[in-house]
Amino acid sequence: MNTLKILPFALLLLAQGAPVEARQQMSQVPQEQQQQQQQKKTSKPPPKLQQKSQQDAAQRDEFFWLGEINKASAVINTQQGLLDPALAPRLAAGLAQVLDDGKQAGAKRPSSVITFEPLMIKAAGEEVTWLHAGRSSQDMHATYRAAIMRDNMLKLAAQLNRTAGTMVRLAGEYQSTIVPNYTNGVAAQPNSYGHYLLGHAAGLDRDAQRIREAYARIDLSPMGSTVLNGSSWPLDRARMAAYLGFAGIVDNAYDAHQIAAVDYPVEVGGIVTSIALHAGSFIEDVLTQYAQARPWILLREGGGNTYVSSAMPQKRNPGLLNSTRGDASMAITLAMGRVFEAHNLPPGMSDAKEVKDNTAMVDSAIKVLANWDKILSALVVDQARALDELNSDWTASQELADLLMRNYKLPFRVGHHFASEIVDYARAHAIRPSDFPYAQAQRIYQDAVKDFGGGALPMSEKEFRAALDPIAIVQHRATAGGPQATEMARMRTAAQQRLAQQDAWIKDKRARIEAALATLDRDFDQLLLVERKADRQR
């Protein structure tokens, strides 16, 4: 019987718990077998792997990570005596050939263990399946899924930081730009547009926090957990994790592929949903202006921001807003898909784990953020028009009630009633705040407070006019976190610091992965050097 034909089957027996004695016997490959396999090899030297892993980052796909897992298995198992040192260099050379072939233009890059392994067998013989000791497609696929999601999360974090950075920068430029803000779809109060932007930036900062928190859970290696409870092979899971750039291992072997591998796509879906909701909220605020005859904020025309109507010459449709809003809706759809696919499934099913679907979900959020960044850079704010809208309505009316309570000890609800009566009278007679007769204010006040002891309006006409000035209202805010200059400076500084910390975090995580893969390349190349020397001697 040809012993080579039964090696993969025997290896499976070992992975399921064959006795140690049998494992030791099978680890000794007969010299005659080695010679037979060597004769099948061509005389050309094994390919030299590219050691700059960053160059491969664009192709860090399933094929790439299957290669890295096999490289790490070859190095670790050889050094720990689980793989025959005399055999390891030739197996490493075969693996290197497979990886080099996969880098060629148009080459196949298999994404599963059962399609990757035949390429290794073709390159190095069936003995190469010794690398599969104690492994399963379950933990190998779980590992490359986590590694790919880890890369995707860093791409998402980087784009989020760029968009938030633009927002914080514009907050400084628009600090003194006073505009209406809206609640319940109705103009509510005057505010600094810079303050408004910092509010949105704070929402994105929470998304950045969620990314970092989720990343810490994704950045744990399932490798070596086999199917669900490990194997009889004493694999060094911690060293495997280090070679692949993971911060540690998923501790429980059952959790590694059965539970955690479903948890993180759903968790990332929550982050994608939050980002899309934040973007949609901002976009809708701008879109409502396009329904007005005289908007105070628009997109700069042209450049992919707007487009003309095919029939109505006056229209400039906000294409970028509409397409980004649609992209946000699609992002939420894809994110909810993770929940639906994970719902009501027994552990071990792969429905919510697939790389293609999970990558598409994260990419959708990246696209939303990138287009949101374009929207921010295309905004044109007409400050005069914004002030005109503020002065044509009564968004400053709450200040009357606040001033009466703060300076004249009038209960807020009484002052609120007075201000409300003024607004009703003004709207009934089409009077703007700046034109409201002080005498009418005095009369309305007397009527409003007659059940509260009566009395004349205590504020002077100058105070009355100042209370209705939207610019003064914003400047005189005293609340922590408000739009006044001192608080704006403090919050912008804090936001810039958080952006810098996030940028440093992204760079650190990327550098850790690159350094780990570079170390693996270096150690794997040591195995290749042995085979190259042997090749030269043959």
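Now for a look at the structure at hand. Each chain carries its own residue numbering, running from 1 in the direction its sequence is written. This being a predicted model, a pLDDT of at least 70 is required before a residue's local features are given, and a value of 80 or more before pairs of side-chain atoms are given or counted; all residues contribute to the totals for chains, interfaces and linings. With hydrogens and water set aside, each side-chain value is computed from the structure's full complement of heavy atoms.

### As for helix 8 (residues 193-218)
Structural remark: α-helix, 3.6 residues per turn; residues separated by three or four positions point the same way.
Part 1 of the reasoning: Secondary structure elements are taken from DSSP: a helix is a run of H or I of four residues or more, a strand is a run of E of two residues or more, and numbering for both begins at the N terminus. Multiplying one less than the number of residues by 1.5 Å gives the expected span of a helix. The end-to-end C-alpha separation of helix 8 is 37 Å, in line with the 38 Å expected for 26 residues at 1.5 Å each.
Part 2 of the reasoning: Identification of polar contacts relies on pairs of N or O atoms within 3.5 Å, with a donor-acceptor requirement for protein atoms, meaning one able to donate a hydrogen and the other able to accept it, and with residues adjacent in sequence counted only if both atoms are side-chain atoms. The residue sitting at the N-terminus of helix 8 and contributing the capping side-chain oxygen is Ser192; that oxygen lies 3.1 Å from the backbone nitrogen of Gly194.

### Describing the packing of aromatic side chains
Part 1 of the reasoning: Aromatic rings from Phe, Tyr and Trp, taking only the six-membered ring of Trp, are treated as a pair when their centres fall within 6.5 Å; an angle between ring planes under 30 degrees marks them as stacked, one over 60 as edge-to-face, and anything in between as tilted. Under the criterion given, the structure shown has 13 aromatic pairs.
Part 2 of the reasoning: Ring geometry for Tyr193 versus Tyr196: centroids 5.1 Å apart, planes at 20°, classification stacked. Placement of the pair is Tyr193 and Tyr196 together in helix 8, with a separation of three residues, close to one helical turn. Assigned by exposure class, Tyr193 and Tyr196 land together as buried.
Part 3 of the reasoning: Here the aromatic rings of Tyr215 and Trp505 are separated by 5.2 Å at their centres, their planes lie at 80°, and the arrangement is edge-to-face. A residue pair is termed long-range when its members are at least 10 positions apart, and Tyr215 in helix 8 and Trp505 in helix 20 (residues 485-537) qualify at 290 residues. Here Tyr215 and Trp505 have matching classes, each one buried.
Part 4 of the reasoning: Three or more aromatic residues link up through ring pairs in this structure, and these residues are Tyr174, Tyr193, Tyr196, Phe282, Trp296 and Trp372.
Part 5 of the reasoning: In this structure, Arg150 is placed above the aromatic ring of Phe246, and the distance from its NZ or CZ to the ring centre is 4.2 Å. Burial status follows relative accessibility: with a 1.4 Å probe on protein chains alone, a residue under 20% of its type maximum counts as buried, one over 50% as exposed, and anything between as partly exposed. In this scheme, Lys NZ or Arg CZ marks a charge over a ring once it lies within 6 Å of the ring centre and within 35 degrees of the ring normal.

### Comments concerning the pairing of strand 2 (residues 186-192)
Part 1 of the reasoning: In this sheet, strand 2 lies alongside strand 1 (residues 178-183) in antiparallel orientation, the contact comprising six bridges. Bridge pairing in strand 2 places Tyr182 opposite Ala187.
Part 2 of the reasoning: Only strands joined by at least two bridges in the DSSP assignment are considered to pair. Linking strand 1 back to strand 2 in an antiparallel pair, the connection comprises two residues, with Asn184 at a positive phi of about 55°.

### Describing the environment of Ala147
Part 1 of the reasoning: Within the fold, Ala147 resides in helix 7 (residues 137-173).
Part 2 of the reasoning: Classification of Ala147 by relative accessible area gives buried; the value is 0%.
Part 3 of the reasoning: Sequence spacing of Ala147 and Ile218 is 71 residues, and the spatial spacing of their C-alpha atoms is 8.0 Å.
Part 4 of the reasoning: The contact criterion used is simple: two residues touch if any of their non-hydrogen atoms lie within 4.5 Å. In this structure, Ala147 is in contact with Trp65 and Phe246, ignoring residues within four places of it in sequence.

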